[in-house]
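As a plain string of letters, each chain reads:
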Amino acid sequence: MQTMERKILITGGAGFIGSHLVRLMVNRYPNYLIVNLDALTYAGNPANLRDIEEAANYRFERVDICDVEAVREVFERHAIDSVIHLAAESHVDRSIDDPFAFARTNVLGTLTLLQVAKERWTDDAQHLFYHVSTDEVYGSLGAEGAFTESSRYEPHSPYSASKASSDHFVRAFHDTFGLPTVISNCSNNYGPYQFPEKLIPLFINNIRERRALPVYGRGENVRDWLYVEDHARAIDLIFHRGRVGETYNIGGSNEWRNIDLVRLLVATTDRLLGRAEGEDDNLITFVRDRAGHDLRYAIDSTKLREELGWHPEVSFEEGIERTVRWYLHNDEWLTAVTSGEYRNYYSRMYDGR
Ligand code: NAD
Ligand code: TYD
């Protein structure tokens, strides 16, 4: 094989955002070796990368980020020079049921990767540990304002507490050991390949199957939505041009109240299915609120826009249209994921290699 310019470990590459990032990096940089390290939990699905899995510059390693020996071995075998770390437990409702799983993967797993990178990167070569985080670490906003990079950390859910803790460990390794790190904190993502436990794919699937749409509380909570490919492009840009030791906020400047978003999803899905307007409005069901439910998130991404020239390329109108179409046209993927069938795909593809 030709000499690779960079050897990048992307963790969590079989998940939602990770699979978009892996696809972008594998296609855009044939001179980079992209090693996707993923434990394939319920949220990881190798079918998300079917189109690039045979690429010459792509490798897959089924490894748990908490397994220090296995992580070390992957670093050594591929001579990894950089990490883009996305592997995490990512769903707030699950973190309420099982906070320990979040402390294990998000805190101890991140610490394991940091420790191995610190051990290995003792030469003068170019290195970067890029940690992908969330706006949820900043807590909840009132009606006004937006989170900047200097907003105070005030996590409320076990998920956001575990991500906040991992961010602190990344900064501590930079400040204490001089590890070259960068962090980005992004707002809510949407798009193809998102596991249908999150609001948008769950509701598209429920509308399709005419099941109730459980809106927490009164649907007054506000989220700032960004198309997943715009997030992947921002990560690529920050990886190459971001300043070491810095933090960058990534957001769509696209705030929606949940109830308004749900109405848009019903209208779009019904239209694309050829159903009459308003036919499925009665699926909207207000249910008991999520415990500790953050009222509003909004991101100020001025730093990223002004310093690196990033801006979202996909409007919300276009992104929602593409997303609903994708889930409706990929009902095989949706059915396989909801039934757990994709695990058989893994056995066929990777076991016994
Ligand atoms: P996801 O749940 O879809 O994917 C997570 C991936 O990590 C899966 O492939 C899973 O198999 C893998 N994984 C989980 N535990 C692991 C472990 N112990 N070892 C190795 N692999 C493991 O998550 P996502 O929505 O793609 O989010 C990716 C990252 O981006 C996370 O760090 C998340 O905090 C962050 N983020 C997500 C959003 C969002 O809206 N989804 C927004 C901002 C930041
Ligand atoms: P989610 O997709 O879980 O992302 P996050 O909690 O990380 O923002 O939820 C988005 C919003 O939708 C959030 O305010 C919770 C709400 N929500 C519901 O009202 N019903 C649901 O079934 C889900 C999954 C989420």
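A brief report on the enclosed structure follows. Throughout this document, residue positions are counted from 1 along each chain, in the order its sequence is written. Written order decides the labels, with chains lettered from A and ligands numbered from 1. Where totals are concerned, whole chains, interfaces and linings use all residues; where local detail is concerned, this predicted model gives features only for residues with pLDDT of at least 70, and gives and counts side-chain atom pairs only at 80 or more. To get the side-chain values, take all heavy atoms of the structure and skip hydrogens and water.

Okay, unusual backbone geometry next. For tyrosine 193, which is not glycine, the phi dihedral falls at a positive 70°. Elements are defined by DSSP. Helices are runs of H or I of four residues or more, strands are runs of E of two residues or more, and each kind is numbered from the N terminus. Position of tyrosine 193 relative to the elements: it lies in the loop between strand 7 (188-190) and helix 6 (199-208). Summary of the burial criterion: residues with accessible area below 20% of their type's maximum are buried, those above 50% are exposed, and those between are partly exposed, where the area comes from a 1.4 Å probe applied to protein chains only. Judged by its relative accessible area of 17%, tyrosine 193 falls in the buried class. Phi at serine 253 takes a positive value of approximately 45°, unusual for a residue other than glycine.

Moving on, we get to the side chain of arginine 290. Mapping arginine 290 onto the fold places it in the loop between strand 12 (284-287) and helix 9 (302-308). For arginine 290, a relative accessible area of 18% translates into the label buried. Residues in contact with arginine 290, not counting those within four places in the same chain, are His91, Val92, Asp93, Ile96, Tyr216 and Arg223. In what follows, residue pairs with any heavy atoms lying within 4.5 Å of each other are defined as contacts.

One heavy atom within 4 Å of a molecule or strand is enough for the residue carrying it to be called near that molecule or strand. The environment of ligand 2 is made up of 18 residues, and the closest members are Glu136, Pro214, Arg223, Arg290 and His293. Polar contacts, as used here, are pairs of N or O atoms within 3.5 Å; protein pairs need one atom able to donate a hydrogen and one able to accept it. Residues neighboring in sequence count only if both atoms are side-chain atoms. The separation between an oxygen atom of ligand 2 and a polar side-chain atom of arginine 223 is 2.8 Å. The Shrake-Rupley method, run with a 1.4 Å probe sphere, supplies the accessible areas, and residue values consider only the shown protein chains as cover. Across the complex, the protein chains shield 96% of the 510 Å² of accessible surface that ligand 2 would expose by itself. Only helix 6 and strand 8 (213-216) provide two or more residues apiece to the shell around ligand 2. Classifying every residue of the shell around ligand 2 by side-chain character gives eight nonpolar, five polar and five charged. Throughout this entry, Asp, Glu, Lys and Arg are counted as charged residues, while Ala, Val, Leu, Ile, Met, Phe, Trp, Tyr, Cys and Pro are counted as nonpolar. The remaining residues, Gly among them, count as polar.

Okay, the sheet that holds strand 11 (residues 255-257) next. The strand order across the open sheet formed by three strands is 7-9-11, and the pairing between neighbours is mixed. Only two strands of the sheet have a single partner each, and these edge strands are strand 7 and strand 11. Neighbour-to-neighbour, the strand axes of the sheet open up by a mean angle of 50°, direction not taken into account. Here a strand pair is declared whenever DSSP counts at least two bridges between the two strands. Taken together, the three bridges between strand 7 and strand 9 (residues 222-227) define a ladder with parallel strand orientation. Within strand 9, the position partnered with asparagine 188 by the bridge is tryptophan 225. To get an axis, fit a line to the C-alpha atoms, keeping to the stretch in contact for a helix; angles then go from 0 to 180 degrees between the N-to-C directions.

The next point concerns the site of ligand 1. Taken together, 28 residues form the shell around ligand 1, and within it Ile17, Asp38, Ser90, Tyr159 and Lys163 come nearest. Contact between ligand 1 and alanine 39: a nitrogen atom at 3.1 Å from a main-chain N or O atom of the residue. Take aspartate 64: an N or O atom from its side chain is 3.0 Å from a nitrogen atom of ligand 1. For ligand 1, the accessible surface in isolation is 840 Å², of which the surrounding protein chains cover 96%. Among the elements of the structure, helix 1 (16-28), strand 5 (128-134), helix 5 (158-177) and strand 7 are those that each provide at least two residues to the shell around ligand 1. Among the elements that line the shell around ligand 1, the one with the most residues is strand 5, at three residues. Residues that form the shell around ligand 1 fall into these classes: 14 nonpolar, 11 polar and three charged.

The next subject is the nonpolar core. The biggest cluster of nonpolar side chains holds 35 residues, and the ones touching the most others in it are Ile10, Met25, Ile84, Tyr130 and Ile250. Of all the elements, helix 7 (residues 228-241) adds the most residues to this core, at six residues. Those residues in contact with isoleucine 10 that lie beyond four places of it in its chain are Leu21, Val22, Met25, Ile34, Val35, Asn36, Leu37, Ile84 and Leu86. Residue types Ala, Val, Leu, Ile, Met, Phe, Trp, Tyr and Cys, when buried and joined through side-chain atoms within 4.5 Å, form a set referred to as a nonpolar core. Within the second largest apolar cluster, 29 residues are counted, among which are Phe203, Ile204, Tyr227 and Ile320.

Note that every value here comes from positions in space, so none of it alone points to a role or purpose.
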